[in-house]
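Here is what each chain is made of, one letter per residue.
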Amino acid sequence: MAVRDHLRTLRLAAWLGWQIESNWARPALFLLYSFIRPIATTLILVIMYLIIKQDVSSDPAFFSYVYLGATFYMFVSSVVFGITYVIHADREHYQTLRNIYISPVSLYVYIIGRATGKVALAALAVVISMAFGILVLGLPFDPMLVDWPLFAIAMLLGLACLVSLGLALAGISMLTAKHSTSINEGVGGLVYLLCGAVFPITVLPAWGQAIGLMIPVTYWLELIRRSLYPGEGIAMLGGLQDFGDLTILSFLLASTLVFAALSLAMFHLADRNARRKGKLDMITTY
Amino acid sequence: MSSAIEVRSLSRVFSGRKEIVALDDVDLTVEEGELFGLLGPNGAGKTTLIKILCTLLLPSSGTARVLGYDVDSEAKQIRKRINMVSGGEISGYGLLTIRENLWMFTQFYGVQGKVAKQRIDALLEEFGLEDKADVKLRTVSTGQRQKMNIIRGFSTDPDLIFLDEPTLGLDVTTSISIRNYLRRWVREREGRTMMLTTHYMREAEELCDRVAIIDRGRIVAVDTPAGLKRRVGNDSSFLIETTPIDTARLSSLTGVRGLTARPSNGHLKVRMVLEDESVIADVISAVVAAGGKVVGLSKNEPTLEDAFMHLVGRGLE
Ligand SMILES: Nc1ncnc2c1ncn2[C@@H]1O[C@H](COP(=O)(O)OP(=O)(O)OP(=O)(O)O)[C@@H](O)[C@H]1O
Ligand SMILES: [Mg+2]
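Residues numbered from 1 in each chain as written. Chains lettered and ligands numbered in written order. Predicted model: local features only at pLDDT ≥ 70, side-chain atom pairs only at ≥ 80, totals over all residues. Heavy atoms only, no water.

**Let's talk about helix 9 (residues 216-228) of chain A**
With 13 residues, helix 9 of chain A extends 18 Å between its outermost C-alpha atoms, agreeing within 8% with the 18 Å of an ideal straight helix rising 1.5 Å per residue. Taken across its 13 residues, helix 9 of chain A has 13 buried, putting it largely inside the fold. (Helix = DSSP H or I, 4+ residues; strand = E, 2+ residues; numbered from the N terminus. Expected span 1.5 Å × (residues − 1). Buried < 20%, exposed > 50% of the residue type's maximum accessible area, 1.4 Å probe, protein only.)

**A closer look at the sheet that holds strand 8 (residues 193-198) of chain B**
Residues and elements named next belong to chain B. Read across the open sheet, the 6 strands follow the order 6-7-8-3-9-10; overall the sheet is mixed. Of all the strands in the sheet, just strand 6 (82-86) and strand 10 (218-223) have a single pairing partner and so form its edges. This sheet shows a mean twist of 15° between the axes of neighbouring strands, independent of strand direction. By the bridge criterion, 5 bridges tie strand 3 (residues 35-39) to strand 8 in an arrangement that is parallel. Counted as the bridge partner of Leu 39 is Thr 198 from strand 8. Most of the contacts of helix 5 (residues 142-155) go to strand 6, to which it runs at about 170°, and overall it touches strand 6, strand 7 (160-164) and strand 8. Set on the sheet, helix 11 (residues 304-312) makes contact with strand 3, strand 9 (210-215) and strand 10; between it and strand 9 the angle comes to about 40°. (Pairing = 2+ DSSP bridges. Axes fitted to C-alpha atoms, helices over the stretch in contact; angles between N-to-C directions. Contact = heavy atoms within 4.5 Å.)

**Focus: the pairing of strand 1 (residues 5-14) of chain B**
On a regular strand, each side chain points to the face opposite its neighbour's, so the side chains alternate between the two faces of the sheet. Residue and element names in this part refer to chain B. Examined bridge by bridge, strand 1 and strand 4 (residues 61-66) share 5 bridges and lie antiparallel to one another. Each bridged residue has a counterpart across the sheet, and for Ile 5 the counterpart in strand 4 is Val 66. Inspection of the sheet shows strand 1 paired to strand 2 (residues 20-30) by 7 bridges, in the antiparallel sense. Bridge pairing in strand 2 links Glu 6 to Thr 29. Between the antiparallel neighbours strand 1 and strand 2 lie 5 residues.

**Examining the site of ligand 1**
Residue and element names in this part refer to chain B. Residues in close proximity to ligand 1 total 13 residues, the closest being Asn 42, Gly 43, Lys 46, Thr 47 and Thr 48. Within the backbone of Ala 44, one N or O atom sits 3.1 Å away from an oxygen atom of ligand 1. Taking Glu 165, its side chain carries an N or O atom lying 3.3 Å from an oxygen atom of ligand 1. If ligand 1 stood free it would expose 630 Å²; the protein chains cover 66% of that surface. Contributions of two or more residues to the shell around ligand 1 are made by strand 2 and helix 1 (46-53). With 3 residues, the single largest contributor to the shell around ligand 1 is helix 1. (Near = heavy atom within 4 Å. Polar contact = N/O pair within 3.5 Å; in protein donor to acceptor, adjacent residues only side chain to side chain. Areas by Shrake-Rupley, 256 points an atom, 1.4 Å probe, with all protein chains shown as cover.)

**With respect to the environment of Asn180(B)**
The topology assignment puts Asn180(B) in helix 6 (residues 172-188). For the pair formed by Asn180(B) and Leu207(B), sequence separation is 27 residues and the distance between their alpha carbons is 8.5 Å.

**Some words on the packing of helix 9 of chain A against helix 10 (residues 245-277) of chain A**
Residue and element names in this part refer to chain A. Contact geometry of helix 9 with helix 10 gives a least axis separation of 9 Å together with a crossing angle of 145°. Two packed elements cross with a definite hand, and for helix 9 against helix 10 that hand is left-handed. Only Asp 245, Ile 248, Leu 249, Phe 251, Leu 252, Ser 255, Thr 256 and Phe 259 of helix 10 make contact with helix 9, whose side of the interface consists of Pro 216, Tyr 219, Trp 220, Glu 222, Leu 223 and Arg 226. Residue classes in the contact of helix 9 with helix 10 are distributed as 9 nonpolar, 2 polar and 3 charged. (Left-handed = near helix turned anticlockwise from the far one by under 90°. Nonpolar A, V, L, I, M, F, W, Y, C, P; charged D, E, K, R; others polar.)

**A short note on the interface of chain A and chain B**
The accessible area lost on association of the parts is a frequent measure of interface size. The interface is formed by 28 residues belonging to chain A together with 33 residues belonging to chain B. Of the roughly 2900 Å² buried between chain A and chain B, counting both surfaces, carbon and sulfur atoms make up 62%. Remark: the boundary between chain A and chain B carries 3 salt bridges. Inspection of the region where chain A meets chain B yields 17 residue pairs in polar contact (both at pLDDT 80 or more). Looking at the side of chain A that touches chain B, the elements with two or more residues in it are helix 1 (2-21), helix 4 (97-101), helix 5 (107-136) and helix 10 of chain A. With 6 residues, helix 1 of chain A is the largest single contributor of residues to the side of chain A that touches chain B. Its residues assigned to classes, the side of chain A that touches chain B shows 12 nonpolar, 7 polar and 9 charged. (Buried area = accessible area lost by both parts, 1.4 Å probe. Salt bridge = Lys/Arg side-chain N within 4 Å of Asp/Glu carboxyl O.)

**Focus on the packing of aromatic side chains**
As enumerated under the stated definition, the model contains 17 aromatic pairs over all chains in all. Ring geometry for Phe243(A) against Phe251(A): centres 5.3 Å apart, planes inclined by 75°, an arrangement best described as edge-to-face. Relative accessible area serves as the criterion here: at 31%, Phe243(A) is assigned to the partly exposed category. Here Phe105(B) and Phe108(B) contribute two aromatic rings whose centre-to-centre distance is 5.4 Å and whose plane-to-plane angle is 85°, an arrangement assigned as edge-to-face. Residue Phe105(B) and its partner Phe108(B) are both found in helix 3 (residues 98-108); the two are separated by 3 residues, about one turn of the helix. Both residues of the pair, Phe105(B) and Phe108(B), count as buried. By the ring-pair criterion, three or more aromatic residues cluster together here, those being Phe72(A), Phe75(A), Trp148(A), Phe151(A) and Trp220(A). Here the guanidinium or amino end of Arg225(A) rests over the ring plane of Tyr65(A), the centre of that ring lying 3.5 Å away. The lysine or arginine in question, Arg152(B), covers the ring of Phe105(B), its NZ or CZ lying 5.6 Å from the ring centre. (Phe/Tyr/Trp six-rings, centres within 6.5 Å; stacked < 30°, edge-to-face > 60°. Lys NZ or Arg CZ within 6 Å of the ring centre and 35° of its normal.)

**So, the domain arrangement of chain B**
Considered domain by domain, chain B is made up of domain 1 (3-229) and domain 2 (234-301). On a C-alpha basis, the centres of domain 1 of chain B and domain 2 of chain B stand 37 Å from each other. (Domains from an automatic or database assignment.)

**Observations regarding the packing of helix 1 of chain A against helix 5 of chain A**
Packed helices, taken two at a time, are described by the angle their axes make and the gap between the axes. All names here are of chain A. It is the contact of helix 1 with helix 5, at a shortest axis distance of 7 Å, that shows an interaxial angle of 40°. Taken together, the axis directions place helix 1 and helix 5 in an arrangement best described as oblique. Between helix 1 and helix 5 the crossing geometry is right-handed. Judged by residue contacts, His 6, Thr 9, Leu 10, Ala 13, Ala 14, Leu 16, Gly 17, Trp 18, Ile 20 and Glu 21 of helix 1 engage Val 109, Tyr 110, Ile 112, Gly 113, Arg 114, Thr 116, Gly 117, Lys 118, Ala 120 and Leu 121 from helix 5. Looking at the contact of helix 1 with helix 5 residue by residue, the classes come out as 11 nonpolar, 6 polar and 3 charged. (Parallel < 35°, antiparallel > 145°, perpendicular 65-115°, else oblique.)

**Observations concerning the pattern of salt bridges**
Taken as a whole and judged by the stated rule, the model has 34 salt bridges over all chains. Here Glu21(A) makes a salt bridge to Lys118(A), at a shortest N to O gap of 2.9 Å. Placement of the pair is Glu21(A) in helix 1 and Lys118(A) in helix 5, with a sequence separation of 97 residues. Just as Glu21(A) is buried, Lys118(A) falls in that class too. Two residues, Arg218(B) and Asp24(B), come together in a salt bridge whose shortest N-O distance is 3.2 Å. Of the two residues, Arg218(B) is situated in strand 10 and Asp24(B) in strand 2; the sequence distance between them amounts to 194 residues. Relative accessible area serves as the criterion here: at 43%, Arg218(B) is assigned to the partly exposed category.

Next up, the structure:
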């Protein structure tokens with residue numbers, strides 16, 4: 001019974017999220033926002049890479065390392081910040097948060113549903129960025145050599161982990177004003193640096209590496225790279241060469257489970273706090 | 001059978017730069033099937049009480065039970081059976097149509113598809129919104145958005161509905177038809193309860209079975225509108241019409257329980273509640289002393305407004 005209710009909530013919220021995401025009233029703006037901006041961000045990194053390394057073909061593994069990391073990191077920003085945005089948008093722009101809050105639906109499930117639109121868009125942006133990399137920049141890629149099962153499992157776990165992280169931050173968003181995105185940006189920047197998104201964590205000081213190894217995103221990106229790169233060369237770069245694919249997969253699974261549990265606890269704590277402090281229908285005044 | 005709402009020693013404090021006691025040791029019982037009103041000046045704590053009862057806000061101390069469940073520990077059970085709408089509420093997803101917005105909310109409550117559709121259609125017609133049903137919400141007027149939210153409240157067929165100033169900002173005809181609907185909604189099926197807040201005495205008087213008068217976080221009186229009026233006593237409600245004067249002096253006279261002044265045709269109509277009839281002589285002297293000229297004086301049947309002044313010591317405006 002309860003499961004059926006949650007599924008219904010998930011479906012409705014996903015539908016709503018998609019209606020909001022695909023609001024093509026101004027297609028140019030939509031395209032700009034959803035694709036061109038994230039891809040441009042990736043390209044800045046590529047240009048920086050080219051300035052340092054001169055050309056792509058001299059070190060294809062390292063180029064793939066940077067390009068795949070930057071491309072798939074789009075999921076992180078899009079999902080994590082997309083989810084926290086749901087709280088602020090529903091509370092202040094649509095002013096529906098309190099109506100949803102006092103309804104029988106689980107806010108947690110509702111937010112996951114709303115996030116699916118973001119995930120779909122991020123996936124599209126990643127596909128476009130990959131196509132651009134392969135066709136224009138000569139990113140090494142061979143569909144016959146991709147470890148598809150590993151890729152699929154890694155994506156599934158990775159998304160679960162990102163959604164958890166997003167929900168923990170969404171909990172915090174319930175308590176904060178709309179313009180205080182600094183927490184999110186801080187977390188985002190930190191994760192970016194510590195998870196080996198564009199450079200191997202081996203260049204970090206020991207404490208940085210230690211933290212990096214506790215973030216599931218690190219394992220996720222490593223598995224994505226290993227599964228997509230044709231050949232072995234890329235596994236040597238990330239500082240995780242001592243671990244086999246399955247070991248890393250189990251790290252990812254374990255850390256995702258821990259993250260999910262933590263985020264659930266954090267969300268419930270924040271929910272209670274918001275209800276105690278009367279923050280659920282707060283409108284940020286400037 | 002338990003009451004629809006049972007509030008015991010309920011307090012709510014907002015901490016900030018200055019501590020605000022929004023509700024101060026409130027006790028209140030509302031029975032199933034009642035149309036219950038909360039009447040009080042701005043900042044009295046009406047909205048705060050409603051927010052606590054509809055599980056949006058936690059009490060600071062004391063307990064509140066809604067439909068037999070505790071608002072703190074059993075919110076889940078409460079949420080299935082209540083709904084809440086506040087006046088001037090413009091919430092909703094602008095890129096969905098009115099019908100889609102309403103549909104989504106009924107589905108959050110698990111209302112069966114066909115039932116939801118019929119109910120939404122009937123309510124859209126009831127509130128004269130059927131021609132806007134398939135129009136995107138962002139293109140409709142504020143009042144129409146507000147009507148949609150009132151429909152949202154009823155579309156889930158709650159056992160208990162909270163309405164915070166439901167007719168705020170709506171035009172007169174709309175307000176009347178909404179009041180009619182509210183009355184019918186409570187009367188037509190047994191066991192449905194409504195709690196509403198209002199600033200309009202007429203609304204409280206016309207609609208409510210019982211009214212709680214709330215001031216500065218405290219419940220001053222709970223009674224039927226007739227019962228509240230009876231408390232004023234027969235001899236003490238007056239209307240004086242005078243040339244314009246400063247009424248501040250009048251309100252500070254001993255024996256004046258409360259007054260409201262409204263300008264009318266270049267004169268001032270002062271409605272007042274006195275401790276007893278004899279005080280009227282002092283009042284007239286004070287008007288004259290303030291430079292005013294009394295052009296009319298009448299004794300009135302007490303209204304709910306007089307009862308309010310009698311109990312709170314000032315008018316509602
Ligand atoms: N979130 C909040 N934070 C701080 N103070 C608050 C908050 N909500 C309400 N208050 C304060 O609590 C008191 C009661 O407010 P409430 O909104 O319950 O009054 P009300 O009776 O609904 O008034 P009105 O008729 O103006 O709607 C007011 O002094 C208000 O400033
Ligand atoms: Mg209010």
